[in-house]
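# Understanding the architecture of this molecule
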Amino acid sequence: MSAHRPRLVLPDGPVLAARHHRGALLFPDGELVVEETRGLRARLKQAPPPIVCHLPATARRLGLGPFPAADILELFAFVRPAEPVVASPRGLAEALGLAPPDSLEDEAVTLRDAAVALLRALAANRAAPLNREAARLAALMGSAGWAWAAPVMAALGAPDAAPAPRALRVWEVLPEWDETARPPPPSHHPVEPREARARLAQMLGITAEDRPGQADLASAATAAFAPRERAGVPRVVLAEAGTGTGKTAAYLAPASLWAERNGAPVWISTYTRNLQRQVDAESARLWPEEAERRRQVVIRKGRENYLCLLNLEDAASGATRGGVAAIALGLMARWALATRDGDMAGGDLPGWLPELVGTANTLGLADRRGECIHSACPHWRTCFIERTIRRARSARIVVANHALVMVQAAWGGLDETGLPYRYVFDEGHHLFDAADSVFAAALSGAETAELRRWLRGAEGGRSRARGLRRRVEDLVSDRPPLAKALAAAVEAARALPDQGWLARLAEPARPELGGMAPGAENPSEAFLRLVREQVLARARDSDSASRETEVRPMLPGLAAAAERLDGALARIEAPLKELREGLAARLDDEAETLDSATRQRIESVCRSLARRALDPLGAWRGMARAVAADATETGGPGETFVDWLEIVSRSGHEVDVGMRRHWVDPTAPFARVVAEPAHGMLVTSATLRDSAGDEEARWQAAEEITGAIHLLAPALRAAVPSPFDYAGQTRAFVVTDVARDDAAQVAAAYRVLFEASGGGALGLFTAIARLREVHRRIAAPLEAAGITLLAQHVDAMDNATLVDVFRAEEDACLLGTDAMRDGVDVPGRSLRLIVFDRVPWPRPTILHRARRARFGGARPGQIDDRITRARLRQAFGRLIRKADDRGCFVLLDSRAPSRLLAGLPEGVAVQRAGLAEVAEAIRRFLASG
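Cut-offs and rules
- Residues numbered from 1 in each chain as written.
- Predicted model: local features only at pLDDT ≥ 70, side-chain atom pairs only at ≥ 80, totals over all residues.
- Heavy atoms only, no water.
- Phe/Tyr/Trp six-rings, centres within 6.5 Å; stacked < 30°, edge-to-face > 60°.
- Helix = DSSP H or I, 4+ residues; strand = E, 2+ residues; numbered from the N terminus.
- Buried < 20%, exposed > 50% of the residue type's maximum accessible area, 1.4 Å probe, protein only.
- Lys NZ or Arg CZ within 6 Å of the ring centre and 35° of its normal.
- Pairing = 2+ DSSP bridges.
- Axes fitted to C-alpha atoms, helices over the stretch in contact; angles between N-to-C directions.
- Salt bridge = Lys/Arg side-chain N within 4 Å of Asp/Glu carboxyl O.
- Contact = heavy atoms within 4.5 Å.
- Parallel < 35°, antiparallel > 145°, perpendicular 65-115°, else oblique.
- Left-handed = near helix turned anticlockwise from the far one by under 90°.
- Nonpolar A, V, L, I, M, F, W, Y, C, P; charged D, E, K, R; others polar.
- 1 Å grid on protein atoms, 1.4 Å probe; cavity = no way out; pocket = protein on both sides within 12 Å on 5 of 7 lines; lining within 4 Å.
- Points joined across faces, edges and corners; volume = space filled by probe spheres on them.

### A short note on the packing of aromatic side chains
Each aromatic ring pair is specified by the distance between its two centres and by the angle formed by the two planes. With the rule as written, the count across this model stands at 12 aromatic pairs. Considering the side-chain rings of tyrosine 750 and phenylalanine 765, the 4.8 Å spacing of their centres and the 20° angle between planes classify their relative orientation as stacked. Here phenylalanine 765 lies in the loop between β18 (761–764) and α30 (768–784) and tyrosine 750 lies in helix α29 (residues 743–757), a separation of 15 residues in the sequence. Using a relative accessible area of 0% as the deciding quantity, one classes tyrosine 750 as buried. Three or more aromatic residues joined by ring pairs make a cluster, and in this case those are Phe724, Tyr726, Phe876 and Phe889. The ring of tryptophan 177 is capped by arginine 390, whose NZ or CZ atom sits 3.9 Å from the centre of that ring. Between arginine 886 and the ring centre of phenylalanine 925, over which it is positioned, the NZ or CZ distance is 4.0 Å.

Here it is, written out as structure tokens:
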């Protein structure tokens, strides 16, 4: 590489900043113009590709299709990989220390200045180890058309660098992890309440504000860390801690003490990624030094969340032959060098990167399909997930999520380390939903086709899928019985749905097939075809994501098809069992000769066979036999499961067909496989109890949704109120003169209320179609009023990116559905108004009908009320996150029963009034603060 003096150059095109159907163009000569979409379209045709911030969102706001551009976020990802930045001009300004923009014109200037700042930073750090191959990598990306290649190469002082495919081979320079001995069993010393209070005071420091409730919570939590007295009877604490209590620090105090004293980690489980990051950040109070904190605190997720280096190598080998994939893989290579732990889902991979360069060569590089070959992988010693597993063994705090904890417990252990002794379940009100997902079964086209792919690998196309034969053949090649079992299982998997199965289900019978339908000879597809026909015959058309019907009474032939399917599944299951048992036997038969890597690999393969194949096959066979015997359970008060048939649709198109089986009470298996083996468990949330009824009824609801009701010993109960003055800091309204089924009136109401608050508003919807219609009607008027409108299911951004932008833009508004109701943490003025389009009743599904019968008691509708009160409380809880926050909550549903609104925080009086009166009240209240 020749040594040139670094110089700064930008792409030739103008800078483009966009709002709703309007944009500002800043040309290289300094000319700045603002145009509507029509004028912009004409100017863009005559100019080189512009510099933009988040091209998909920019095109969406302008109402344009995709167009060539230089996205500054890609430059940021190259120069500062694994660093956070909000995907907006304001976010870039904050990250780079620039003045925040105040107008559309300012945003264009900010984007230009941000590009200059990034290139200057790259030039200043061109000798850093991270940038050793940066110029050659940029050249390789430039050969694929990357717009920033020439500016980057010039900034690095290598404008004539040649493309170097080896620049993608980052796995060659990643550090290796060290193997350590498995830890000994822990001690069982308790943590006293006074010790927890003292540790909390130490964490907070002498300048912290006094929060008596926080210390009380830390004290109560110690009961979950007391020694267990009987097997199968854990120490359980249910603690409702109101918003603002500071519960994260409160439970970290006794958890960290127990872990230090007893030599084993405490597992802290959350439902949202945002809270995982919060727990990690809060742990800095215990371990301020970053290096020490990385030793003591580990975030654990499933393998499907991490970059797979073997997948990266496979993709890179194709990208070096040319093609746009080199751009995505170049940015992923930069990230792989800088990432903390390789976590692509909620870690330090920017959430907007897959939106810019596609998911195939970003998120698609994870092992999402269970294809890991463990110690046989050439990158095993540098694998991110293997490193994380080993770090977790010696950590004090392991931060995980509800699903991972439940799945691993159901499989009998967390990798090689066994089950944790102590858990903290934060966001405990989600345990029921998490268990409902984990312990359910789906005999569907998507699930069964995925097993075929896992067993047989790629069967045509450009897939990199590795089948079971490729993953284990070397372990069985010298053992003919096991090799024969492997071959039999792979061959029997032909009975599972083949490529194109979904399209074939809708095709009519054809004469050239002897009057049979396409796929009729395949047992899985024949069963799914009849399932689909029964759903279409009996389910009502709906605007929801699925149509469903009961299993009984059945269409003619469905029971026979299920019996045939059960036989086909048995022919896959039997040789897989033989294979697993034979491999497991090697661990005993060859105990003295197996090397450690081979032993670990066999253990991993046995676990994978159980998790990925034998467990689902067992569930599917049970479901198929129930249909064959015409004896499915209906989910009544005394029954365990509820079964139904379903067609799943997305954006109006069918995406899956099948049979579903759920536990009527999914906390029963949660209690059995997670809680009972544990020694102690703290379950906490701001909305753990029901908010109506007497004290015992409220706690009864908490025990039902957490599974505590199934345990042999009662849970200790603790409740710490929120320190916030909700009566003074909030106002709540029900609008009485808006027809909730009139789209024009609902949209007008949102516009009026958003304008009254001056932005900073979250609009919540119970249906995606209504969200999109409101967005269509109000985006332009709000833009004219200077208010940016963001929307889930409309903007080309994922939820996390949308929330980041909303948080950074103090006067923006955001429209969203369920995921926004409980997953948004926006303190300060950026969220000062929440508007719900209607009462968020639970969907009237077959599954919910069974749960009404189980939990509803004498009045089945009371479970509907409980769920709805919780949803309203969770939404309301987004408003006040700090002591000086102020906000308003509005429900656009005059039918809202007062019994539901009584569940809002104590002291909040709900006012029923017309739209104009509510808007004025909001304006006055927010102005008074």
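### Re the pairing of strand β13 (residues 641–650)
Across the 10 residues that make up β13, a large majority, 9, are buried. Relative to β13, strand β12 (residues 546–549) is paired through 4 bridges, and the arrangement is antiparallel. Looking at β13, one finds that serine 546 is bridged to valine 648. In this sheet, strand β14 (residues 653–663) lies alongside β13 in antiparallel orientation, the contact comprising 10 bridges. Its bridge partner lying in β14, valine 648 is registered against aspartate 656.

### Structural notes on the sheet that holds strand β11 (residues 441–444)
Strand order in the open sheet formed by 4 strands is β11-β14-β13-β12, with antiparallel pairing between adjacent strands. Unpaired on one side and paired on the other, β11 and β12 mark the two borders of the sheet. Each strand of the sheet is rotated relative to its neighbour by a mean of 30°, with strand direction disregarded.

### Quick word on the pattern of salt bridges
The full count for this structure, using the stated rule, is 71 salt bridges. Beyond isolated ion pairs, a larger network of salt bridges with shared partners links Glu179, Arg303, Glu386, Arg390 and Arg393.

### Comments concerning the environment of alanine 281
Looking at the secondary structure, you find alanine 281 in helix α11 (residues 273–282). Residue classification places alanine 281 among the exposed residues on the basis of a relative accessible area of 52%. For alanine 281 and arginine 293, which are 12 residues apart along the polypeptide, the C-alpha to C-alpha distance reads 9.7 Å.

### Regarding the environment of valine 405
Structurally, valine 405 is set in helix α17 (residues 402–410). The class for valine 405 is buried, based on a relative accessible area of 2%. In contact with valine 405, other than residues within four places in its own chain, are Trp267, Ser269, Ala400, Tyr423, Phe425 and Val674.

### Let's talk about the packing of α29 against α30
For the pair α29 and α30, the least separation of the axes is 9 Å and the interaxial angle reads 40°. As the angle between them shows, α29 and α30 are arranged oblique. In terms of crossing hand, the pair formed by α29 and α30 is right-handed. Across the interface between the two elements, Ala743, Ala744, Val746, Ala747, Tyr750, Arg751, Phe754 and Glu755 from α29 touch Glu773, Val774, Arg777, Ile778, Pro781 and Leu782 from α30. In terms of residue class, the contact of α29 with α30 is made up of 10 nonpolar, no polar and 4 charged.

### So, the packing of α17 against helix α18 (residues 431–438)
Contact geometry for α17 and α18: axes closest at 9 Å, N-to-C directions at 50°. If you check the angle between α17 and α18, you find them oblique. Note that α17 runs across α18; the crossing there is right-handed. Together, His402, Ala403, Met406 and Val407 of α17 and Leu431, Ala434, Ala435 and Val438 of α18 make up the contact between the two elements. Of the residues contributing to the contact of α17 with α18, the split by class is 7 nonpolar, 1 polar and no charged.

### Brief notes about the sheet that holds strand β15 (residues 680–685)
Taken in spatial order, the 7 strands of this open sheet run β8-β9-β7-β10-β15-β6-β16, and their pairing is parallel. Since the sheet does not close on itself, it has two edges, and those belong to β8 (297–299) and β16 (716–720), each with one partner. This sheet shows a mean twist of 20° between the axes of neighbouring strands, independent of strand direction. Where strand β7 (residues 266–270) lies against strand β9 (residues 397–401), 5 bridges are found, and the strand directions are parallel. Counterpart to serine 269 in the pairing with β9 is alanine 400.

### A word on empty space enclosed by the protein
Applying the stated rule across the entire model yields 6 cavities of 30 Å³ or more. Space inside the largest cavity adds up to approximately 180 Å³. If you trace the largest cavity, you find 17 residues lining it, with Arg303, Cys308, Leu309, Cys372 and Cys383 closest to the centre. In terms of residue class, the lining of the largest cavity is built from 11 nonpolar, 2 polar and 4 charged. Residue lining of the second largest cavity: Ala18, Arg19, His20, Arg60, Arg61, His775, Ala779, Glu783, Ile787, Thr788, Leu789 and Asp795, and that is the complete set. When residues of the lining of the second largest cavity are traced back to their parent elements, those giving at least two are β1 (15–19), α2 (55–62) and α30. Here the lining of the second largest cavity takes 3 residues from α30, the largest share from any one element. Class assignment of the residues belonging to the lining of the second largest cavity gives a composition of 4 nonpolar, 3 polar and 5 charged.

Geometric values such as these leave the question of function open.
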